[in-house]
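Geometric and topological summary
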Amino acid sequence: MDALRIVGGARLRGAVDVSGSKNASLPILAAALLAEGPCRLRGTPDLADVRTLLRVLQHMGAQTTYDLAGASPFVCIDAQAIKDPTAPYELVRTMRAAILVLGPLLARFGKARVSLPGGCAIGARPIDQHLKGLTALGAEIHIEHGYVVAEARNGLAGGEVTFDMPTVTGTENLMLAACLARGPTVLRNAAREPEVIDLAGALRAMGAQIDGAGSDQIRIGGQALDAPLGTTLQPYDHRVAADRIEFGTLLTAGALAGDGLLVRGGQPQVHAALLDKLRKAGAELQVDADSGDCLVGAPKRLRSADVKTACYPGFPTDMQAQWMTLMAVADQTAVVTETIFENRFMHVAELDRLGAQIRVEGNQAIVKGVA
């Protein structure tokens, strides 16, 4: 699709369902590499990154069947006959999350060759923490012609990894690898995001022993000390969690122009920071914690409320642009502080073209609301 044409001036009402999470789907799809036999992931969203990762798995020799556009989307992956543990540049050049195949390939086959990831326009997101962690589990890694080339001829061994800073994909990659490592692994300063918790649930369904997901210390039981290279887990049948950023985006739309907008099937329990800010801004919210449904409406005039992005459970950086849009029409002035990425205010110029009054000072945007 080359363009979207939006005709404004309408109130938002009715009901909308939240899709499955892309950021939770990708590591769970990569987890299929740890099993022999068909793994089934239900609720997977139909997005380019999902289809790209499926092509990567197909290139390696995995058998895939899927229906992403149907009423009950699913993906089925059988990685029993992997022929080539390589993720080539031409497939992964636009997709950072392809690095998630590195850990499971290395753990199961003792080798992997994965193109350095690309596809990120919001600042540097290096993979040094992934490589540091895998090295601590016994991998030998070097960079060769733009590829990460990793070897563990006798398999990985459990160990202790302390991340220099919380990293979601780094935590996920090490969790995947540690499931087939010999002996237990402890991850410290781990990411706490809900997507990490969802991956842990899928891995437990495969027979892995994982404790502490959702905290900053995760313990993975691993395999027996005499387990041979090529040991596998059992296949999973898992429903991916709802996409918390889609949920938050729909709530923000309702706070802007909602008139009884019902957002169904979200995860309000993981959105405490956003829900708190929406209430401070005057949005009309009714949350059903049991169903995950949320009824949202716009006030006569939004109130300004400052936000500062942070790692979960703080205010998510992926909701920063949406919040700035909300504040662009709020009463008085709000300050939006970005602490996660150094190049994530590219939307400011476009909002200003629409009549917003936003001034950027370093990692802060000062948003003066307009009528």
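Going by the structure above, here's the rest.
Residue positions are counted from 1 within each chain, in the order its sequence is given. In view of the model being predicted, local features appear only for residues whose pLDDT reaches at least 70, and side-chain atom pairs are presented and counted only at 80 or more, with totals across whole chains, interfaces and linings using the full set of residues. Only hydrogens and water are removed before side-chain values are computed, so all heavy atoms of the structure are retained for them.

1. Some thoughts on the sheet that holds strand 8 (residues 147-151)
One open sheet accounts for four strands, arranged 5-6-8-7; its pairing is mixed. Strands at the two margins of the open sheet, each flanked by one partner only, are strand 5 (86-87) and strand 7 (140-144). With five bridges joining them, strand 7 and strand 8 adopt antiparallel strand pairing. For Glu 144, the partnering residue across the bridge sits in strand 8 and is Tyr 147. Between any two strands, pairing holds if DSSP finds at least two bridges. In this text, helices come from DSSP runs of H or I with a minimum length of four residues, and strands from runs of E with a minimum of two, each type numbered from the N-terminal end.

2. Some details on empty space enclosed by the protein
With a 1 Å grid laid over protein atoms only, a set of points is called a cavity when a 1.4 Å probe fits there but cannot get out and a pocket when it is open yet has protein on both sides within 12 Å along at least five of seven lines; lining residues have an atom within 4 Å of a point. Grid points are joined across faces, edges and corners, and a volume is the space filled by probe spheres set on the points. One pass over the full model with this rule turns up one cavity of 30 Å³ or more. Partitioned by chemical class, the residues of the lining of the largest cavity number six nonpolar, three polar and one charged. Residues are grouped as follows: Ala, Val, Leu, Ile, Met, Phe, Trp, Tyr, Cys and Pro are nonpolar; Asp, Glu, Lys and Arg are charged; every other residue, Gly included, is polar.

3. Some points on the sheet that holds strand 20 (residues 364-368)
As summarised here, the arrangement of the four strands in space is 17-18-20-19, forming an open sheet in which the pairing is mixed. Only two strands of the sheet have a single neighbouring strand rather than two, namely strand 17 (307-308) and strand 19 (357-361). When strand 17 meets strand 18 (residues 333-337), the two strands line up parallel, connected through two bridges. Bridging from a neighbouring strand, Lys 308 pairs with Thr 337 of strand 18. On top of the sheet, helix 10 (residues 320-327) reaches strand 17, strand 18, strand 19 and strand 20; it is set at about 170 degrees to strand 18, its chief contact. Contacts were defined at the residue level, with two residues in contact if any of their heavy atoms lie within 4.5 Å. Note on definitions: angles span 0 to 180 degrees between N-to-C directions of axes, and those axes are lines fitted to C-alpha atoms, for helices only across the stretch in contact.

4. As for the nonpolar core
Nine residue types can take part in a nonpolar core, namely buried Ala, Val, Leu, Ile, Met, Phe, Trp, Tyr and Cys, and a core is a set of them joined through side-chain atoms within 4.5 Å. With a 1.4 Å probe rolled over the protein chains alone, any residue whose accessible area is under 20% of its type maximum counts as buried; one over 50% counts as exposed, and the rest are partly exposed. Ranked by internal contacts, the top residues of the largest apolar core, which has 73 residues, are Met 175 and Leu 203. Met 175 has contacts with Leu 187, Val 196, Leu 199, Ala 200, Leu 203, Ile 210, Ile 218 and Ile 220, leaving out every residue within four places of it along the chain. Of all hydrophobic cores here, the second largest spans 37 residues; its members include Leu 251, Ala 281, Leu 302 and Val 367.

Read these as spatial facts, not as claims about activity.
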